[in-house]
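Report on the structure
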Amino acid sequence: MMLGDKRRNDFPILYQTVNDEPLVYLDNAATTQKPRQVLEAMSYYDEHDHANVHRGVHTLGARATEAYEAARENVRQFIHAHSTKEVLFTRGTTTSLNWVAQSYGDVAVEAGDDILLSYAEHHANLVPWQQLAKRKQANLVYIDLDEEGRLDMTDFQTKLSSKTKIVALAHVTNVLGTIQPIKEIARLTHEVGGVIVVDGAQSVPHMAVDVQDLDVDFYAFSGHKMYGPTGIGVLYGKEKWLEQMSPVEFGGEMIEFVHLYNSTWADLPWKFEAGTPNMTGAIGLSAAIDYLTTIGMTTIMQHEQALMADVLPRLQAIEGVTVFGPTSPSEHAGVIAFNIDGIHPHDVATAMDMQGVAVRAGHHCAQPLMKWLDVQATNRASLGLYTTQADLNQFIQAVIATKEFFQNGTI
Ligand SMILES: Cc1ncc(COP(=O)(O)O)c(CNc2co[nH]c2=O)c1O
């Protein structure tokens, strides 16, 4: 039995029909669904242990604090960070990347410095850097993509220089699913004295991540992309950088002492966590980590690679369908962008929804990439650990039926 069939019954939401057809949920790159284990862990916390953290003397406050900090330790182990001081809870990848651009950017980037990006980045890993570049009169330098949408490593090394202060890249891109060689990029970046900021939103759900082995300086991801709740994410940062960085948000929790006209800050990681945190979200994220760890990231990756090896060639073989990104299935980390020639992606997604299949349509918060692809929008199917062969069979049938519907009016 494949992983998807084995684990599907952990996800109650998947057992429904849409337009009288079994739901086939293939929008996991936008957000994943939560297993009962995550839902139950959050409910248990709220039913038994909820209180405000870090300052309560009473028993529930102590239990809530213990649960919250145990979640942080669980994240540390999951990404193999050296210390919990390096694991900051945020609202998600977008917040994490903004914190780096604002706080690290302010201390490290000067006028004339280079910030290297790629055309394939999500807006969350583009717009914060645009704002930093404007604030500091720094340069945004875009690394070319090759003909299949991979990062052009030759161009990267050409553009890397002593002016490079920051390299900001996705580990896995959210439209093409390309897996960037982050470990090599980090090594080359450090050789010129730069730091690497990695957008891990689309990699953490699909593969094991070891931030020390990768030797990245910052790594950002979201709970809701990895079978956890929305509203909780993580910013990993090397302690030496976080110590140099000022807080981005101010108020309770993050202070050591507040005088009338100035204040001192709490130690890491709390320096960056102003206000009452999302305790339930952190506990849900921790439960998602336990769920993924029980299955094993290698097992998940192998499952998704096996499905991709089946579905990508089948989609590529449909006449009139354009599939974007690498030709090889092994270079797609769970994501396939495609269009049916001559049919607007929104019409395709609507027709597929009529057949119970949920795919995304639009620019996927990657408008520079749409320009590079020379399209306004694409469709995108994205797999999860619960995706089954039956899901993909229904997906392929829906693509074919949608094409025929728009060509001759029958579905
Ligand atoms: C690569 C990447 N970076 C950052 C983000 C932002 O994550 P958030 O802060 O949790 O929203 C996303 C979300 N990507 C998508 C959200 O909806 N469709 C998507 O492709 C993403 O795919």
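Here the structure is a predicted model, which means the values were calculated and not measured. (Residues numbered from 1 in each chain as written. Predicted model: local features only at pLDDT ≥ 70, side-chain atom pairs only at ≥ 80, totals over all residues. Heavy atoms only, no water.)

Quick look at the layout of surface pockets now. Reported here for the largest pocket is a volume of approximately 310 Å³. Contributing to the lining of the largest pocket are 21 residues, with Ala29, His122, Asn174, Gln202 and Lys225 lying nearest its centre. Residue composition of the lining of the largest pocket, by class: 7 nonpolar, 10 polar and 4 charged. In this model, the second largest pocket occupies a volume close to 190 Å³. Lining the second largest pocket are 16 residues, and of these Phe89, Thr90, Ala274, Pro277 and Asn278 lie nearest its centre. Of all the secondary structure elements, the ones that give two or more residues to the lining of the second largest pocket are strand S4 (87–90) and helix H4 (93–108). When its residues are assigned to classes, the lining of the second largest pocket shows 7 nonpolar, 6 polar and 3 charged. (1 Å grid on protein atoms, 1.4 Å probe; cavity = no way out; pocket = protein on both sides within 12 Å on 5 of 7 lines; lining within 4 Å. Points joined across faces, edges and corners; volume = space filled by probe spheres on them. Nonpolar A, V, L, I, M, F, W, Y, C, P; charged D, E, K, R; others polar. Helix = DSSP H or I, 4+ residues; strand = E, 2+ residues; numbered from the N terminus.)

Around the ligand, the structure places 15 residues, and the nearest of them are Thr94, Asp199, His224, Lys225 and Arg380. Note that an oxygen atom of the ligand is positioned 2.6 Å from one of the side-chain N or O atoms of threonine 94. Within the side chain of histidine 122, one N or O atom sits 3.5 Å away from a nitrogen atom of the ligand. Bound to the protein, the ligand loses 86% of the 490 Å² it would expose on its own. The pocket occupied by the ligand, as judged from atoms lying within 2 Å of grid points, is the largest pocket. Split into classes, the residues belonging to the shell around the ligand amount to 4 nonpolar, 7 polar and 4 charged. (Near = heavy atom within 4 Å. Polar contact = N/O pair within 3.5 Å; in protein donor to acceptor, adjacent residues only side chain to side chain. Areas by Shrake-Rupley, 256 points an atom, 1.4 Å probe, with all protein chains shown as cover. Sits in = over half its atoms within 2 Å of the grid points.)

Take the environment of lysine 238 next. Relative to the elements of secondary structure, lysine 238 occurs in the loop between strand S10 (233–237) and helix H9 (239–244). Separated by 51 residues in sequence, lysine 238 and arginine 187 place their C-alpha atoms 15 Å apart. Beyond its immediate chain neighbours, meaning those up to four positions away, lysine 238 contacts Glu86, His190, Asp215, Val216 and Asp217. A polar contact of 2.6 Å, which involves the side chain of lysine 238, links it to the side chain of aspartate 215. (Contact = heavy atoms within 4.5 Å.)

So, about the sheet that holds strand S16 (residues 360–362). Strand order in the open sheet formed by 4 strands is S13-S14-S17-S16, and the pairing between neighbours is antiparallel. Of all strands in the sheet, those with a lone pairing partner are strand S13 (321–324) and S16, marking the two edges. Within the sheet, the average angular offset between the axes of one strand and its neighbour, ignoring direction, is 30°. Across 3 bridges, S16 lies against strand S17 (residues 378–382) in antiparallel orientation. In the strand pairing of S17, glycine 362 is matched with threonine 378. Against the sheet, helix H14 (residues 389–408) touches S13, strand S14 (335–340) and S17, its axis set at about 15° to S14. (Pairing = 2+ DSSP bridges. Axes fitted to C-alpha atoms, helices over the stretch in contact; angles between N-to-C directions.)

The N-to-C vectors of helix H12 (residues 345–353) and H14 enclose an angle of 120°; their axes lie 9 Å apart at closest approach. As the angle between them shows, H12 and H14 are arranged oblique. The handedness of the crossing between H12 and H14 is right-handed. Contacts between H12 and H14 involve Asp347, Val348, Ala351 and Met352 from the former and Phe395, Ala398, Val399, Thr402 and Phe406 from the latter. Here the contact of H12 with H14 is composed, by residue class, of 7 nonpolar, 1 polar and 1 charged. (Parallel < 35°, antiparallel > 145°, perpendicular 65-115°, else oblique. Left-handed = near helix turned anticlockwise from the far one by under 90°.)

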